[in-house]
Amino acid sequence: MPRPHPILRPVALAVALATASLATVPVARAQSAAQAQAIDIPALPAAQALQRFVEATKFQLLYAPEVVRGVTTKPVSGTLAPRDALARMLEGTGVQIVDTGPGAATLRPTAAAAAAAAPSLVGEAAAAQSIMVTARKASERAKDVPIAVTAITGEGLRRRGASSVTEVLQDAPGVSSYDYGSGGPRVAIRGISTSLGANENGYYLDDLPFTGVSVPIAPDVRAWDLDRVEILRGPQGTLFGEGSMGGTVRMLTNNARLGEFSFAGQLGGSRTDGGGNNSGAKAMVNVPLGDRVAVRVAATHEELSGWIDDPVKKASNVNTSRIDTARVRVRWDATDRLTLNATYWTFDGSYPQGGSGATDAGTVPSTLFSNTSKYELGGVSAAYDFDAASLFYSYSRSSLALPQSGSFFGGTLVSTIDIDVAAHELRVASNGKSALRWTAGLYQRESRRDDKFEFALFGLNDIGRVDSTARAVFAEASYSLPGLPLELTAGVRRFQDRLQSAESSSGVARPPADNTFKSTNPRFSVAWKATPDWQVYTSASKGFRSGQNQPGASVALAGPLGISLPAALKPDSIWTYELGTKAVLLDKRMTVEAAVYHSDWKDVTVRIPIGTTGFNGLINSGGTKTDGVEASVALDVSPALTFTLAGSYTDARYAADVPGTGIVKGKPVDEISKVTFSGSAEYRFAAFGDWQGRARLGFQHQSKREFPSFPLYQAGDAINNVNARISFERAGWTLSLFGENLTNDNGAVTFRTVQPLGPGVNDVYSTRLRPRTLGLELRYALGR
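Here the residue numbers are simple positions, counted from 1 along each chain's written sequence. Per-residue local features are limited, in this predicted model, to residues with pLDDT of at least 70; the limit for side-chain atom pairs, both in listing and counting, is 80 or more; totals at the level of whole chains, interfaces and linings are taken over all residues. Heavy atoms from the whole structure form the basis of all side-chain values; hydrogens and water molecules are not counted.

**Student:** Help me out: how do you make sense of the packing of aromatic side chains in this one?
**Tutor:** Think of a pair of aromatic rings as described by two things: how far the centres are apart, and how the planes are tilted against each other in angle. Side-chain rings of Phe, Tyr and Trp (the six-membered ring for Trp) are treated as a pair once their centres are within 6.5 Å; stacked means planes under 30 degrees apart, edge-to-face means over 60, and tilted covers the remaining angles. For the structure on display, the rule yields 23 aromatic pairs. On the numbers, 5.8 Å between centres and 70° between planes, the contact of Phe677 with Phe699 is edge-to-face. One end of the pair, Phe677, is in strand S39 (residues 675-688); the other, Phe699, is in strand S40 (residues 691-702), and 22 residues separate them in sequence. In this structure Phe677 comes out as partly exposed when scored by relative accessible area, which is 33%. Relative to Tyr713, the ring of Phe710 has its centre 5.1 Å away and its plane inclined at 65°; by these criteria the two rings are edge-to-face. Pair check on accessibility: Phe710 and Tyr713 agree, each one buried. Counting from the N terminus, the helices are DSSP H or I runs at least four residues long and the strands are E runs at least two residues long. A 1.4 Å probe rolled over the protein chains alone gives each residue an accessible area, and that area as a share of the maximum for its type sets the label: buried under 20%, exposed over 50%, partly exposed in between.

So this is what it looks like as structure tokens:
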């Protein structure tokens, strides 16, 4: 009888393999399955590892290629029986061994892996319960983490048809977001948002932070080739550091995959009501370079039409834009324990006639600023597994260039901001699922900001530079009490920042400023995990930002008017107290999350008008107080039909009057929507032939935003954004038809800026949604 090939993959057996009915496959064996032998196989893509295993042991295996596609085996080394070695290699991979005789077996997916791979059998709400997150810098299921966290997978982003991460952030309760249309989205988490000072909410690409020097940075990351987006709500100052006061947004990209070539490409076209045609192209390629190295490259290009008219120039649709992004990731598994990664990301956006700001009549504002946005972020990281603990190091370097120019008060204003930031983080964390889990580390950031500000009408020609060196040490530990369903967590971060600045006005140097800011930031939480599917948690946590120096242009304008401004702004900090719960109900068909919280934000930096110049200085205020409630639910009505709903109520108010401004105790905080909610309905169906269909309807609502700091400014409007999408998929191809802003809502997304142009003449404008846009996309994917 001829001996079968060590790895048998006959097409004729595909059905039998899928149903794991190969329990009696006849095999020949060369040695006893129990006989131990020396085996040394590193972590590899499963197909390669199993080939080595079979060649070394003469063990007989039968499996279908799709069973191990995308699977990486565990390393195994030592003197072991082949069957034991195979079990170690496949532990936790979702691949099950079915013994068919001495020295022989077939491989099939575990029940959990099969369910995850079969959306026709499992609803989206149930599948989401297995999403893994790293909110505590360790891999855990989102539903098990005692933190308010929403995770949106890359597949979820694709089903939504999201172009940018900003579009989906409001799907998380307690979060509101909008895009200026000029490469700088605005994000508010639990009533925390400001355009002054360093980042008020954390913003990360993988483990690399976006952080500014006295200016918030939240780049317009495009939603292409992402693994997932995590939105952590509540201060995350212990583990994520400065700026994570309202919460932290983490955009996790797909890493390069070893031993697997993959490709994805997408072409799209659409038309905007009252505007023109839009087009876009996206691509990704993953290339393995041997067994231990792989490179992944992703890029996007978009040309977006304008829809806002300029009656003075008699021009239509002037606010066109172009967006180009690229990302490269290189992975090198240097040993079975050491993994090295390198990342480079760039964003280049051009907005020659401003962004999405328009008057109520749909025309460009008179104070129109042309700008471009260019971000770059690069870094390297290394992770080493010591069995009991893991060591991690990352280095990142980012830059932002933001030139602007335009007319203001009848003069020409030219402003440039250039920011460079280098950050290091070294941390060690426990491995495994022991009762005590811990993380500790060190952080250092060095940054530089260069400013140039010219406004000849007011005699301003300022050049400034700010250098900042920040250091921190942090630790956090969680302990599960033996015999009790309680988890206790405590952590602390000690932070210090030295800020030095030098400025000159029309060639005359001002006295340099040198300030040092320090902060200690603890976090405590208690989680009662009554069952594996229900927990209640409470926490108290502190977030913080460093201080900043007063802008030189503000000092130059305020002095002649007799207005005194502080030379430096104190750091601000926030304490948040939270009670939350997470539950899985209805035989795992429903997930529910809810939380109530109170936040006390101290020493918030606010603007103070400098006379009638239209410019402002900065001062510390008495802070804000926020009470909020948020909830979300996902329900699988059937395996094919899923509903989601998320909402929040955020009562954020100023805690004290601020003389010289419109801020009065009890007034709403600038730019915060009191009510937000979002929802979706998704239906999956067999379309025609072997094409599968998916239809999705989604909506987002946010109540009006105000800006009490400036009494002249007017409130915005409540905004309702409805979108729909229907897709047909087959053998890697996806054809999608979509509609965005279907109700054509053209209200003021944010407050209405009121800029005096002369006696009794004002320029009134606000950011707007892109009008109704209908389009078509075609995508092809090979592998992951």
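**Student:** It is not clear to me how helix H2 (residues 46-57) should be interpreted in this structure. Could you clarify?
**Tutor:** Note that an α-helix has 3.6 residues per turn; residues three or four places apart therefore point the same way. By definition here, a helix of n residues has an expected span of 1.5 Å times n minus one. For H2, spanning 12 residues, the distance from its first C-alpha to its last is 16 Å, which sits close to the expected 16 Å at 1.5 Å a residue. Those residues of H2 not exposed but buried are Ala46, Ala49, Leu50, Phe53, Val54 and Thr57. What you see down the axis of H2 is that its buried residues fit within an arc of 135°, all on one side. After H2 finishes, the residue Lys58 shows a positive phi value of roughly 65°. In this context, the arc is that of the directions from the helix axis out to the C-beta atoms.

**Student:** What's the story with the sheet that holds strand S44 (residues 761-767) in this structure? I'm lost.
**Tutor:** If you walk across this open sheet you meet the 3 strands as S21-S44-S43, and the pairing is antiparallel. Either end of the sheet is taken by a strand with one partner, and the two such strands are strand S21 (357-358) and strand S43 (753-758). As paired strands, S21 and S44 are joined by 2 bridges and run antiparallel to one another. Within S44, the residue paired with Ala358 across the bridge is Ser766. In short, DSSP must find at least two bridges between two strands for them to pair.

**Student:** Honestly, empty space enclosed by the protein in this entry has me stumped. Any pointers?
**Tutor:** Empty space among the atoms becomes visible once a probe the size of a water molecule is rolled across them. Using a 1 Å grid laid over the protein atoms alone, points where a 1.4 Å probe fits but cannot get out form a cavity; open sets with protein on both sides within 12 Å along at least 5 of 7 lines form a pocket; any residue with an atom within 4 Å of a point counts as lining. Grid points are joined across faces, edges and corners, and a volume is the space filled by probe spheres set on the points. Considering all chains together, one arrives at 14 cavities of 30 Å³ or more under this definition. Considering only enclosed or pocket space, the largest cavity measures out at about 180 Å³ in volume. Forming the boundary of the largest cavity are 16 residues, of which Ser193, Thr194, Arg607, Tyr654 and Asp670 lie nearest the centre. Element by element, the count of residues in the lining of the largest cavity is highest for strand S35 (residues 605-609), at 3 residues. Each residue gets one of three labels, nonpolar for Ala, Val, Leu, Ile, Met, Phe, Trp, Tyr, Cys and Pro, charged for Asp, Glu, Lys and Arg, and polar for the others, Gly among them. Looking at the lining of the largest cavity residue by residue, the class counts come to 7 nonpolar, 5 polar and 4 charged. Reported here for the second largest cavity is a volume of approximately 110 Å³. Lining the second largest cavity we find 15 residues, and of these Tyr204, Pro209, Thr211, Phe240 and Glu242 sit closest to its centre.

**Student:** Just checking my understanding: could you explain the environment of Phe544 for this structure?
**Tutor:** Here Phe544 shows up in strand S30 (residues 534-545). Since its relative accessible area comes to 1%, Phe544 is described here as buried. Here the alpha-carbon distance between Phe544 and Asp572, two residues 28 residues apart in the chain, equals 5.9 Å.

**Student:** Is there a simple way to explain the pattern of salt bridges in this structure?
**Tutor:** Any two side chains of opposite charge can pair, given that their charged atoms come close. By definition here, a salt bridge exists when the distance from a side-chain nitrogen of Lys or Arg to a carboxyl oxygen of Asp or Glu is within 4 Å. Applying the stated criterion to the full structure yields 52 salt bridges. A salt bridge links Asp497 to Arg445; its shortest N-O distance comes to 3.6 Å. Taken as a pair, Asp497 in strand S27 (residues 486-505) and Arg445 in strand S25 (residues 436-455) lie far apart in primary sequence, 52 residues in all. Like Arg445, Asp497 is buried. Glu487 is the salt-bridge partner of Lys529, the closest N and O atoms lying 3.6 Å from each other.

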